[in-house]
Each structure stands twice: as structure tokens, then as C-alpha cells.
Amino acid sequence: MQQVSMLDLATVSAVVAALVTVIGNAFGIEKQYRALLAIGIAGILWFIPREWGEQVLMALIIGLTASGVYSQVKPRDNANELMKMQLREELRKEQELEKEREQKQQQRERQNASHQERRDDTPY
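All values reported here derive from a predicted model rather than from experimental measurement.

Counting 11 residues, the largest nonpolar core consists of Val15, Val16, Ala18, Leu19, Val20, Ile41, Leu45, Leu57, Ile61, Leu64 and Val69. Of all the secondary structure elements, the ones that give two or more residues to this core are helix H1 (6-27), helix H2 (31-47) and helix H3 (50-67). The greatest single-element share of this core, amounting to 5 residues, is contributed by H1.

Structure representation (C-alpha cells):
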């Protein structure tokens, strides 16, 4: 059996989602039954012979893209999620820097206090 890549799974998932949208809207299938339709379509696409599968999948992608449906359900690049993660990382770094500053300040205060104590202990 040939290895299946994540790209293959993502492509088939997007095609299944697009087909469910088209078929569901065309036949007025209620949303609660569309998950079953998706499972059925995925099963058909998965179990057809590999030689045919690539051609069938390519034809479906071409047809769905031409109709404009595939572009609406294909996986997105998640630019917003990436931006949120970058902001969280920047905030985390700022917090770490602030903690380091606080620790250095506390360390200086302790050193000054111990230095002051040593001066107070001198008899002259």
C-alpha cells in the first residue's frame, strides 16, 4: 500500500467538503444529514481503485474550481491564527524580559543591602 501524505488527505477533505456543499444545496439535504453524506462520499473516493482515484479527484477539483465552490471550502492559510500566535510569542518574550529586569533589580537591592550591612559593622 502506498503512503498517504497529509496533502493528499487535505485535498480529499476539501473536495469532500465542496461536494457535500454542492450536493446538499442542490437536493436540499438538511445540515444534520450532511455529515453522513460526507462520510459516504469520502468512503467512495477512498475505496475506488488508485488508478482511477487520481483522475476522478483531478476532475472533481477542476469542476468544483470552475464552479467556484472549491475555492470557498479549501483549507485557508490561517493568516489570522499566525498573527495571534506571533502576538502571543511577543507578549511572552516581553514578560520574560520584565521578569529578568525585576530579578536583576532585586539582586542589586540585595547586594546594596549586604554592602550597607558590611559598612555598618565596621568599628571605625
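Before going further, it helps to spend a moment on the pattern of salt bridges. Taken as a whole, this structure holds 3 salt bridges when the rule is applied. Notably, a salt bridge pairs arginine 92 with glutamate 89, separated by 2.3 Å at the nearest N-O pair. Taken together, the positions of arginine 92 and glutamate 89, both in helix H5 (residues 79-121) and 3 residues apart, correspond to about one turn of that helix. Owing to a relative accessible area of 34%, arginine 92 belongs among the partly exposed residues under this scheme. Taking the relative accessible area as the measure of exposure, glutamate 89 reaches 32% and is therefore partly exposed. With a shortest N-O distance of 3.0 Å, glutamate 98 and arginine 101 are connected by a salt bridge. Of the two residues, glutamate 98 and arginine 101 are both situated in helix H5; the distance of 3 residues between them amounts to about one turn of the helix. A residue is classified by how much of its surface remains accessible, and glutamate 98, at 37% relative accessible area, is partly exposed.

The rules behind each value
Residues numbered from 1 in each chain as written. Predicted model: local features only at pLDDT ≥ 70, side-chain atom pairs only at ≥ 80, totals over all residues. Heavy atoms only, no water. Core = buried A, V, L, I, M, F, W, Y, C linked by side-chain atoms within 4.5 Å. Buried < 20%, exposed > 50% of the residue type's maximum accessible area, 1.4 Å probe, protein only. Helix = DSSP H or I, 4+ residues; strand = E, 2+ residues; numbered from the N terminus. Salt bridge = Lys/Arg side-chain N within 4 Å of Asp/Glu carboxyl O.

Without other data, these values stay purely geometric and don't point to any function.
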